[in-house]
Amino acid sequence: MLYIGNHTTSSKGYEKMARQMIANGGNTFAFFTRNPRGGKAKEIDEADVQKYRALAEEYGFGKIVAHAPYTLNACAAKENLRDFARETMADDLKRMEYTPGNYYNFHPGSHVGQGAEEGIRKISEILNQVLTAEQTTTVLLETMSGKGSEVGRSFQEIREILELVEKKEKMGVCLDTCHVWDGGYDIVNDLDGVLKEFDEIIGLERLKAIHLNDSLNGLGSHKDRHAKIGEGQIGMEALVRVVRHPALQGLPFILETPNDDEGWTREISLLRESAADLVL
Ligand code: FE
Ligand code: FE
Ligand code: ZN
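In this report, the structure presented in the accompanying data block is examined.

Reading the values: rules and limits
- Starting from 1, residues in each chain are numbered consecutively following that chain's sequence as written.
- By the order in which they are written, chains take letters starting at A while ligands take numbers starting at 1.
- Per-residue local features are limited, in this predicted model, to residues with pLDDT of at least 70; the limit for side-chain atom pairs, both in listing and counting, is 80 or more; totals at the level of whole chains, interfaces and linings are taken over all residues.
- The side-chain figures draw on all heavy atoms in the structure; neither hydrogens nor water molecules are used.
- Ring pairs are drawn from Phe, Tyr and Trp, using the six-membered ring of Trp, whenever the two centres fall within 6.5 Å, and their geometry is named by plane angle: stacked under 30 degrees, edge-to-face over 60, tilted for the rest.
- Each helix is a run of DSSP H or I of at least 4 residues and each strand a run of E of at least 2, with the numbering of both proceeding from the N terminus.
- Throughout this description, buried means an accessible area under 20% of the type-specific maximum (1.4 Å probe, protein chains only), exposed means over 50%, and partly exposed covers the range between.
- Only one rule defines a salt bridge in this text: a Lys or Arg side-chain nitrogen within 4 Å of an Asp or Glu carboxyl oxygen.
- By definition here, a helix of n residues has an expected span of 1.5 Å times n minus one.
- Summarising the geometry, the arc corresponds to the directions from the helix axis toward the C-beta atoms.
- Counted as donors are the N, O and S atoms within 2.8 Å of the metal, or 3.2 Å for Na, K and Ca, while water is not among the atoms, so some sites may look incomplete.
- When DSSP finds at least two bridges between two strands, those strands are taken to pair.
- Angular values range over 0 to 180 degrees, each being the angle between N-to-C directions of two axes fitted as lines to C-alpha atoms, with helices fitted over their stretch in contact.
- Patch rule: a residue counts if its relative accessible area is over 30% and it has no salt bridge; like charges are joined within 9 Å, and nonpolar side chains (Val, Leu, Ile, Met, Phe, Trp, Tyr) within 5 Å.
- Exposure was quantified through the Shrake-Rupley algorithm and a 1.4 Å probe, taking into account, for residues, occlusion by the shown protein chains and nothing else.
- In summary, the charge assignment counts Lys and Arg as positive and Asp and Glu as negative, without counting His or the chain termini.
- To locate a charge, take atom NZ for lysine, CZ for arginine, CG for aspartate or CD for glutamate.

### What about the packing of aromatic side chains?
So, step 1. Scanning all chains against the criterion turns up eight aromatic pairs.
So, step 2. A ring pair is formed by Y14 and Y52, whose centres lie 5.5 Å apart and whose planes are at 40°; its orientation type is tilted. Placement of Y14 in helix α1 (residues 14-24) and of Y52 in helix α2 (residues 46-58) is noted, with a sequence separation of 38 residues between them.
So, step 3. Y14 gets classed as buried once you look at its relative accessible area, which sits at 9%.
So, step 4. Through a chain of ring-to-ring contacts, the aromatic side chains of Y14, F29, F31, Y52 and F61 assemble into a single cluster.

Now the structure itself:
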């Protein structure tokens, strides 16, 4: 089954997000758990969740991929910023249990001059404080482009974070095609090689979701500027190979392309067509 959808911009509740995704031709989606710049989350409405669950079942949705606010920095130098990261993640994970068994993706963080090693230590420390044995959510570390002092710029750094986490069974990885390309992984000319490297360093069984984006910039540019599918330097053919790759079948593919619903509808249908012969 091809699970594909987009990062929805409407935050009017689960039912609305699911209905928009159905209209777009999707069967998974991503969303911010709260204002992307942080702040207090809206109360979860159980009736809304029930309506979402019924829709998800009716339309055969795959797992959904919540996204933590991108201001959250688990390896900030200032302790008050780490308190915010810790409290936000713990609260989000509690709220995620209203929709059990899904994914919660976050940017590992920026070490802001403390060095990657210290960043990795601080990120894993917060994960060890917020992960619980009871949670059904898998927390995903997103692969980053290496812009500024971002941690998670290489498969090796992601592995080092995972190695320090105690509840490893609660952890996974989300691979962002724009970010890894910008990070220097040549998914255009050697997708097999990149996935082999991922497997050797992290393990493909940890790969739980794909952010499917084109990139405005070149290989190794460390910029993180997303482009529409086929309008960037990765290109349509290479992104189709990602969607069709045997090692990635069944994962949720999330578009984070600069679009509106009309544009996402077009991209979803294009990608569905390109993989139509694979669908079981
Ligand atoms: Fe992200
Ligand atoms: Fe992403
Ligand atoms: Zn990005």
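Once the structure has been displayed, the description carries forward.
### Details of the pattern of salt bridges
So, step 1. This structure, assessed with the given rule, holds 13 salt bridges.
So, step 2. Linking E15 and R19 is a salt bridge whose minimum nitrogen-to-oxygen distance equals 3.0 Å. Of this pair, E15 and R19 both sit in helix α1, four residues apart, which is roughly one turn of that helix.
So, step 3. Residue classification places R19 among the partly exposed positions, given a relative accessible area of 47%.
So, step 4. A salt bridge links R121 to E125; the shortest N-O distance between them is 3.4 Å. Placement of both R121 and E125 in helix α4 (residues 116-130) is noted, with a separation of four residues, approximately one turn of the helix.
So, step 5. For R121, a relative accessible area of 36% gives the class partly exposed.
So, step 6. Overall, E125 belongs to the partly exposed group, its relative accessible area being 29%.
So, step 7. Here the salt bridges do not stand alone but share partners, grouping E79, R82, E118, R121 and E125 into one network.

### Details of helix α9 (residues 261-274)
So, step 1. Its 14 residues give α9 an end-to-end C-alpha distance of 20 Å, which sits within 8% of 20 Å, the value for a rise of 1.5 Å per residue.
So, step 2. Looking only at α9, the buried set comprises G263, W264, E267, I268, L271 and S274. For α9, the arc enclosing every buried residue in end-on projection is 130°, short of the 170-degree limit, so these residues lie on one face. More than 90 degrees from the buried face of α9, the exposed residues found are E262, R266 and E273.

### Points about the coordination of the zinc ion (ligand 3)
So, step 1. Taken together, H179 (NE2), D224 (OD) and H226 (NE2) make up the full set of protein donors to the zinc ion (ligand 3), lying 2.0 to 2.3 Å away.
So, step 2. Counting residues between consecutive donors of the zinc ion (ligand 3) along the chain gives the motif H-x44-D-x1-H.
So, step 3. A separation of 5.2 Å is found between the zinc ion (ligand 3) and the iron ion (ligand 1). With H179 in helix α6 (residues 177-182) and D224 in the loop between β10 (214-215) and β11 (226-227), this residue pair connects regions lying 45 residues apart in the sequence.
So, step 4. You can call D224 buried: its relative accessible area is 16%.

### Here we look at the sheet that holds strand β6 (residues 138-142)
So, step 1. Spatially, β1-β12-β9-β8-β6-β4-β3-β2 is the arrangement adopted by the eight strands of the open sheet, whose pairing is parallel. In this open sheet, the two edge strands, each paired with only one partner strand, are β1 (3-6) and β2 (30-32). Here the average twist between neighbouring strands, direction ignored, is 30°.
So, step 2. Here strand β8 (residues 171-176) pairs with strand β9 (residues 207-212) via four bridges, running parallel. Paired with D176 across the strands is H211, a residue of β9.

### Digging into a positive patch on the surface
So, step 1. A surface patch of positive charge is lined by K12, K16, K42 and K51.
So, step 2. Residue K16 is classed as exposed on the basis of its relative accessible area of 52%.

### Some points on the coordination of the iron ion (ligand 2)
So, step 1. The iron ion (ligand 2) binds to the protein through E142 (OE), D176 (OD), H211 (ND1) and E256 (OE); the donor distances cover 2.0 to 2.2 Å.
So, step 2. In this structure the iron ion (ligand 1) is found 3.2 Å away from the iron ion (ligand 2), and E142 serves as a bridging donor for the pair. Within this pair, whereas E142 is found in strand β6, its partner E256 is found in the loop between β12 (252-255) and α9, the two being separated by 114 residues in sequence. Taken individually, E142 and E256 each receive the classification buried, so the pair is uniform in this respect.

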